There are 2 protein chains.
Amino acid sequence: MAGKAAEPQVIWARPERTGRGPRPAFTRADIAAAAVRIADTSGLDAVSMRHVAAELGCGTMSLYNYVPRKEDLYELMIDAVGAEHEIREPSGDWRADMIRNAEETRGIMHRHTWVPRLMSGVYGFSPNTLRYLEHCLACLEPLDAAYGVKMELVALINGVVTTYTANEIATAERTRAMPWSEEEENAVRIAYLGGQVATGAYPHLAAAFMEDSGPIDLEAVFRRALERVLDAFDPDPG
Amino acid sequence: MAGKAAEPQVIWARPERTGRGPRPAFTRADIAAAAVRIADTSGLDAVSMRHVAAELGCGTMSLYNYVPRKEDLYELMIDAVGAEHEIREPSGDWRADMIRNAEETRGIMHRHTWVPRLMSGVYGFSPNTLRYLEHCLACLEPLDAAYGVKMELVALINGVVTTYTANEIATAERTRAMPWSEEEENAVRIAYLGGQVATGAYPHLAAAFMEDSGPIDLEAVFRRALERVLDAFDPDPG
DNA sequence: CCTAGTTACGTACACCGTACGTAGTGCGCT
DNA sequence: AGCGCACTACGTACGGTGTACGTAACTAGG
């Protein structure tokens, strides 16, 4: 009726090019690459419309021709790193394939440590995400289950991968970005935690800390969690 | 040596009160409550130092006496909602108790929809978090496993709860915050997804969409995921 | 009592997302 | 062929952000 027609909220439903007007100077891939470059080298907080535009060599507001809202820029970034998934022929062993997929996702997140922070706010049906999802379903072909179950499996695995890797990254960055030494900060932390535990209010926690010996192998923890989740879907365990 | 001594990065390691100077006008609980109030009514983006200060009725910069960095404000908020966990005597059935804990966490997140977004960036050892962790370990007393395993169980459950609930909230908010009608936006989405699938590039995805019938019960999905994860830790399944 | 450390807070700075207006450009239609 | 319109490009400006810094009042420890 009156006013302009409703434009789709999700950037992937918009055509990249309409054919009218001057040729765009950049593709979405260009923009995504620039944003990813900035995030990788200077952190996610450095990804501002101004910086990305400068990286591309155009005016700030020109970016808005390609990316209606900043949120969409994030969408492009997630899709861009999704291209790093190496899609290979399923082996026939769905468990092994899914573990490989999960480890690959974890690798991507460690290469682009800002990914977990973005995962929660993103639409989740970008081209590369669809491609990856399709690949997971292909890997799960040998599993005798309804598609609904397979979808839940993929969602659960992805969730576990994201939270675990996010945790790994968070602890790593916490120790990195400290003005004083790691030992110093850890000492403060241990003193705090130890003090809390020493109040006697947390007997089980105290016992857990007692049992704990030496540094924990985060990759092994990740791997175990993965195996457990897969166990839960395996009709023929062992 | 030279300069000021290293101050602990984590707010929980700082004493709330040192004894010198005028009596502080607010407690950390006051500040956390104000921030939570704002986040609940106006969204997480409305939680700015200025708004929280105004809500408390003090100058903006006065807040920095209590909360050195905004990140610490988030820490206070997470701790505050952690107080909503109703700690009750373990029943002896660790599975049932953990399900109850998980559902309770899910309830908290649905009451405070900004919690999942904050979970990833938070230290994770606030007083109420420790209390909740202690409670989970108490619930797991009947489970015959090392504390390390129990900790991993709690971490995995919390991760699943967070990702699933975050997803629920995201989809709910996406449909809520639309300038045009839900049907309109959904039509655009379906058209987009359908168009992608119709290219034939995603055969499994196409099959999955075929199989899918009717709206999905997100709570049931959540519950199933929970059961599966617990299965993976249950030495005596069935 | 004095003084050092704390609270309180106004000002200021750099930066953010983005609404808006204007100018130029080239495809699609008549 | 040529007109018109949708598009690109981009400068300016606005309201918001986190927070560094300086100053004034206040109070507990030595």
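Because the structure is predicted, anything quoted here is derived from the model rather than measured. (Residues numbered from 1 in each chain as written. Chains lettered and ligands numbered in written order. Predicted model: local features only at pLDDT ≥ 70, side-chain atom pairs only at ≥ 80, totals over all residues. Heavy atoms only, no water.)

Draft legend 1. Here's a closer look at the overall build of chain A. Across its full length, chain A carries 11 helices and 0 strands. The linear arrangement of helices and strands in chain A, starting from the amino end, is α-α-α-α-α-α-α-α-α-α-α. Put simply, chain A has 238 residues, and 43% of those count as buried. For chain A, long-range pairs separated by at least 24 residues make up 69% of all intrachain contacts whose partners lie at least 6 apart in sequence. With an accessible surface of roughly 12300 Å², chain A has 54% of that area assigned to carbon and sulfur atoms. (Helix = DSSP H or I, 4+ residues; strand = E, 2+ residues; numbered from the N terminus. Buried < 20%, exposed > 50% of the residue type's maximum accessible area, 1.4 Å probe, protein only. Contact = heavy atoms within 4.5 Å. Areas by Shrake-Rupley, 256 points an atom, 1.4 Å probe, with all protein chains shown as cover.)

Draft legend 2. Representation of the protein's contact with DNA strand D within the structure. Residues in contact with DNA strand D amount to 24 residues; listed here are only the nearest, Met-61 and Tyr-66 of chain A together with Gly-19, Arg-50 and Lys-70 of chain B. Each atom of DNA strand D within 4 Å of the protein belongs either to a base or to sugar and phosphate, the latter forming 53%. Contact between DNA strand D and Ser-48 of chain B: a phosphate oxygen at 2.9 Å from a side-chain N or O atom of the residue. In this structure, a base nitrogen belonging to DNA strand D sits 2.5 Å away from a side-chain N or O atom of Arg-50 of chain B. Those elements that provide at least two residues to the surface near DNA strand D are α3 (63–66) of chain A together with α2 (49–56) of chain B. When residues in the surface near DNA strand D are grouped by element, the largest group, 3 residues, is from α2 of chain B. (Near = heavy atom within 4 Å. Polar contact = N/O pair within 3.5 Å; in protein donor to acceptor, adjacent residues only side chain to side chain.)

Draft legend 3. Region of the structure containing the packing of aromatic side chains. Using the criterion set out here, one finds 4 aromatic pairs over all chains in the structure. When the ring of Phe-26 of chain A is compared with that of Tyr-66 of chain A, the centres are 5.9 Å apart and the planes differ by 55°; the resulting orientation is tilted. With a gap of 40 residues between them, Phe-26 of chain A in the segment before α1 (28–42) and Tyr-66 of chain A in helix α3 connect regions that are remote in the sequence. Tyr-66 of chain A sits in the buried class, given a relative accessible area of 19%. When the centroid spacing of 5.3 Å and the interplanar angle of 65° are considered together, the rings of Tyr-123 of chain B and Phe-125 of chain B count as edge-to-face. Take Phe-125 of chain B: its relative accessible area is 27%, and that puts it in the partly exposed class. We note Arg-106 of chain A situated over the ring of Phe-222 of chain A; from NZ or CZ to the ring centre the distance is 5.1 Å. Taking the ring centre of Tyr-147 of chain B as reference, the NZ or CZ of Lys-150 of chain B above it sits at 5.2 Å. (Phe/Tyr/Trp six-rings, centres within 6.5 Å; stacked < 30°, edge-to-face > 60°. Lys NZ or Arg CZ within 6 Å of the ring centre and 35° of its normal.)

Draft legend 4. Seen up close, the protein's contact with DNA strand C. Within the structure, DNA strand C sits among 25 residues, and Gly-19, Arg-50 and Lys-70 of chain A together with Met-61 and Tyr-66 of chain B are positioned closest to it. A share of 55% is what sugar and phosphate atoms reach among the atoms of DNA strand C within 4 Å of the protein. Ser-48 of chain A has a polar side-chain atom sitting 2.9 Å from a phosphate oxygen of DNA strand C. A distance of 2.5 Å separates a base nitrogen of DNA strand C from a polar side-chain atom of Arg-50 of chain A.

Draft legend 5. Focus on the relation of the copies chain B and chain A. With an RMSD of 0.1 Å, the operation that places chain B on chain A is a rotation of 180° combined with a shift of 0.1 Å along the axis. Classification of the inter-copy transformation places it as that of a two-fold axis. Relative to the rotation axis, the closest C-alpha in chain B is found at Ala-232 of chain B, a distance of 2.7 Å. The fraction of interface residues of chain B whose copies in chain A are also interface residues reaches 100%, indicating that both copies meet through the same surface. (Least-squares fit on C-alpha atoms with pLDDT ≥ 70 in both.)

Draft legend 6. Examining the pattern of salt bridges more closely. Residue and element names in this part refer to chain A. Following the criterion strictly, the structure yields 30 salt bridges over all chains and no others. Note that Arg-37 is salt-bridged to Glu-55, the shortest N-O span being 2.4 Å. Here Glu-55 lies in helix α2 (residues 49–56) and Arg-37 lies in helix α1, a separation of 18 residues in the sequence. The class for Arg-37 is partly exposed, based on a relative accessible area of 42%. The partner of Arg-223 in a salt bridge is Glu-227, and the shortest N-O contact between them spans 3.6 Å. Residue Arg-223 and its partner Glu-227 are both found in helix α11 (residues 218–231); the two are separated by 4 residues, about one turn of the helix. For Glu-227, a relative accessible area of 26% corresponds to the partly exposed category. (Salt bridge = Lys/Arg side-chain N within 4 Å of Asp/Glu carboxyl O.)

Draft legend 7. How the structure looks around the nonpolar core. Of all hydrophobic cores here, the largest spans 132 residues; its most connected members are Ile-31 and Val-52 of chain A together with Ile-31 and Val-52 of chain B. With near-sequence residues (within four places) excluded, Val-52 of chain B lies in contact with Ile-31, Ala-34, Ala-35, Ile-38, Val-47, Leu-63 and Leu-73 of chain B. (Core = buried A, V, L, I, M, F, W, Y, C linked by side-chain atoms within 4.5 Å.)

Draft legend 8. The arrangement of the packing of helix α5 (residues 94–111) of chain A against α11 of chain A in detail. All names here are of chain A. Relative orientation of the contacting elements α5 and α11 amounts to 140°, with a least axis distance of 11 Å. The angle between α5 and α11 falls in the class oblique. In this structure, α5 meets α11 at a crossing whose hand is right-handed. From α5, Trp-94, Arg-95, Met-98, Ile-99, Ala-102, Glu-103 and Arg-106 reach across to α11, where they touch Glu-219, Phe-222, Arg-223, Leu-226, Glu-227, Leu-230 and Asp-231. Across the contact of α5 with α11, the residue classes tally to 7 nonpolar, no polar and 7 charged. (Axes fitted to C-alpha atoms, helices over the stretch in contact; angles between N-to-C directions. Parallel < 35°, antiparallel > 145°, perpendicular 65-115°, else oblique. Left-handed = near helix turned anticlockwise from the far one by under 90°. Nonpolar A, V, L, I, M, F, W, Y, C, P; charged D, E, K, R; others polar.)

Draft legend 9. Quick look at the interface of chain B and chain A. Taken together, the contact between chain B and chain A spans 60 residues of the former and 60 residues of the latter. With both chains or domains summed, chain B and chain A bury close to 5200 Å², and 63% of this area falls on carbon and sulfur atoms. Of all residues in chain B, the largest losses of buried area upon contact with chain A belong to Tyr-192, His-204 and Arg-228 of chain B, amounting jointly to 14% of the total for that side. Taken together, chain B and chain A are joined by 2 salt bridges. Across the pair Glu-152 of chain A and Arg-224 of chain B runs a salt bridge whose closest N-O atoms are separated by 2.6 Å. On the surface where chain B and chain A come into contact, there are 16 residue pairs in polar contact (both at pLDDT 80 or more). Taken together, the elements giving at least two residues each to the side of chain B that touches chain A come down to α6 (127–139), α7 (147–176), α8 (182–198), α9 (203–211) and α10 (218–233) of chain B. Among the elements that make up the side of chain B that touches chain A, the one with the highest residue count is α7 of chain B (13 residues). In terms of residue class, the side of chain B that touches chain A is made up of 40 nonpolar, 8 polar and 12 charged. (Buried area = accessible area lost by both parts, 1.4 Å probe.)

Draft legend 10. Spotlight on the side chain of Thr-165 of chain B. Residue and element names in this part refer to chain B. By the secondary structure assignment, Thr-165 is in helix α7. From its side chain, Thr-165 meets the backbone oxygen of Val-161 in a polar contact 2.6 Å long. What Thr-165 contacts, discounting residues up to four positions off in sequence, is Arg-106, Met-109, His-110 and Phe-222.

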